[in-house]
Amino acid sequence: MVVLSKPAMKQLSPIKTIKPTATFSSRIPLIDLSKPDSKNHLVKACEEFGFFKVINHGVPTEFITSLESEAVKFFSLPLSEKEKAGPPEPFGYGNKCIGPNGDVGWVEYLLLRTNPAFDEQRFASIFGRNLEFPRCAVDDYVSAVKRMACEVLELLADGLKIQQRNAFSKLLMDEQSDSVFRVNHYPPCPDLQDDSTKGTNLIGFGEHTDPQIISVLRSNNTSGLQISLRDGSWISVPPDQNSFFINVGDSLQVMTNGRFKSVRHRVVANSLKSRVSMIYFGGPPLSEKIAPLPSLMEGEDSLYKEFTWFEYKKSAYKSRLADNRLGLFEKIVAS
């Protein structure tokens, strides 16, 4: 097994620290996708948490282990070799800098597109012929996770009694779907012994919501992921390398007119062990209009202005991680 070492992190602005107030919670909804009543549990989890864990997900173990092995090998390369796959514009290898607006974290990552247009030639142009990160390992994994994500979205449509079962999933299945795939590596972070930071946690990836429809995450058995509850408190998610964790994204919140809540989450770095996570972000085509589904309105007014995924993505790209990205698209209700 390859042991990940601490890579040289570029010197940017200081990474934020936080007091370790979050505790591990057994409250995370656990949903067995093989059970006939899973659709109702999925709806409840999306309403109350915007986040849940799934088992019996159907993603082959060999796809998971193969891709994680390739990721570990890539992140174990010297920094000079990894940087040949960057800088991320926005796809490719990134180190510490998250996005173009000043957000930083104790993380290095690969960001890849998932649609067929992102072909072998483009893949090779990012990684070069001398870097081994087989496209087939990515394709096998992403295809299986995408199928599972679509199954979850169709079960949610069933649970919401939407007549068109593929109302959500068709956006991921569309050939123009703007979905992306990200692999994050959080190296063991240095001990924080300075008087001003002692006893705090280093931020690996700052708090944010995901702008897409749905996010499907799998990580190794190293802790670090935290989610925010409705009351603003944070809880730590116990790691489970055999399961998947799913986030409601901003777009799904809009499509359900706020019934489902996009979950705010973050990652704190671990001082002892590396954390590797793989996330599929299921997004709609760029031209898709994002608005509440009429069948879910029941005479209600929309809470949001209508916008296209391109408009929202462009707006989100200009924002900081912690910003309320949907705030610009909410309708102002007269009092």
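In this text the structure is predicted, and so the values were computed from the model without any measurement.

K.L.:
Which parts of the structure should I look at to understand the pattern of salt bridges?
P.N.:
If charged atoms from side chains of opposite charge come close, those side chains can pair. Summed over the entire model, instances satisfying the criterion amount to 12 salt bridges. Between R165 and D158 there is a salt bridge whose closest N-O contact spans 2.7 Å. Judged by its relative accessible area of 38%, R165 is partly exposed. Under the relative-accessibility criterion, D158 is labelled partly exposed at 24%. Between E207 and R264 there is a salt bridge, with the nearest N and O atoms lying 3.3 Å from each other.

K.L.:
What should I look at first to understand the side chain of S179 in this one?
P.N.:
Structurally, the position occupied by S179 is in the loop between helix 6 (169-173) and strand 7 (180-186). A residue is classified by how much of its surface remains accessible, and S179, at 1% relative accessible area, is buried. Within polar-contact distance, the side chain of S179 engages the side chain of Y280 at 3.4 Å. Sequence-distant contacts of S179, that is, excluding residues within four places in its chain, are made with R113, T114, Y280, F281, G282 and G283.

K.L.:
Sorry if this is basic, but what is going on with helix 8 (residues 309-317) here?
P.N.:
Residues three or four positions apart in an α-helix share a direction because the helix packs 3.6 residues into each turn. Listed as buried for helix 8 are W309, Y312, S315 and A316. An end-on view of helix 8 places all buried positions within 130° of arc, on one side of the element. As for helix 8, its buried residues are in contact with helix 7 (250-255), strand 15 (289-290) and strand 16 (307-308).

K.L.:
Help me understand the packing of aromatic side chains, please; the structure alone is not making it clear to me.
P.N.:
Note on aromatic pairs: each is described by the distance of the centres and the angle between the planes. What the rule picks out here adds up to nine aromatic pairs. With a centroid separation of 5.6 Å and 50° between ring planes, the pair formed by Y141 and F181 is classed as tilted. Taken together, the positions of Y141 in helix 5 (residues 135-159) and F181 in strand 7 put the pair 40 residues apart, joining distant regions of the chain. The pair Y141 / F181 is uniform in exposure class, with both members buried. Residues W309 and Y312 carry aromatic rings whose centres are separated by 6.3 Å and whose planes lie at 50° to one another, so their mutual orientation is tilted. Within this pair, W309 and its partner Y312 are both found in helix 8, separated by three residues, close to a single helical turn.

K.L.:
Hey, could you run me through the packing of helix 1 (residues 38-48) against helix 5 in this one?
P.N.:
At a minimum axis distance of 8 Å, the contact between helix 1 and helix 5 shows a crossing angle of 90°. Overall, the two elements helix 1 and helix 5 adopt an arrangement that is roughly perpendicular. Packed against helix 1, whose contacting residues are S38, K39, L42, V43 and C46, the element helix 5 presents V152, L155, L156, D158 and G159 at the interface. A breakdown of the residues in the contact of helix 1 with helix 5 according to their chemical character gives six nonpolar, two polar and two charged.

Conventions adopted
- Residues numbered from 1 in each chain as written.
- Predicted model: local features only at pLDDT ≥ 70, side-chain atom pairs only at ≥ 80, totals over all residues.
- Heavy atoms only, no water.
- Salt bridge = Lys/Arg side-chain N within 4 Å of Asp/Glu carboxyl O.
- Buried < 20%, exposed > 50% of the residue type's maximum accessible area, 1.4 Å probe, protein only.
- Helix = DSSP H or I, 4+ residues; strand = E, 2+ residues; numbered from the N terminus.
- Polar contact = N/O pair within 3.5 Å; in protein donor to acceptor, adjacent residues only side chain to side chain.
- Contact = heavy atoms within 4.5 Å.
- Arc of directions from axis to C-beta.
- Phe/Tyr/Trp six-rings, centres within 6.5 Å; stacked < 30°, edge-to-face > 60°.
- Axes fitted to C-alpha atoms, helices over the stretch in contact; angles between N-to-C directions.
- Parallel < 35°, antiparallel > 145°, perpendicular 65-115°, else oblique.
- Nonpolar A, V, L, I, M, F, W, Y, C, P; charged D, E, K, R; others polar.

Just distances and angles here, no functional claims.
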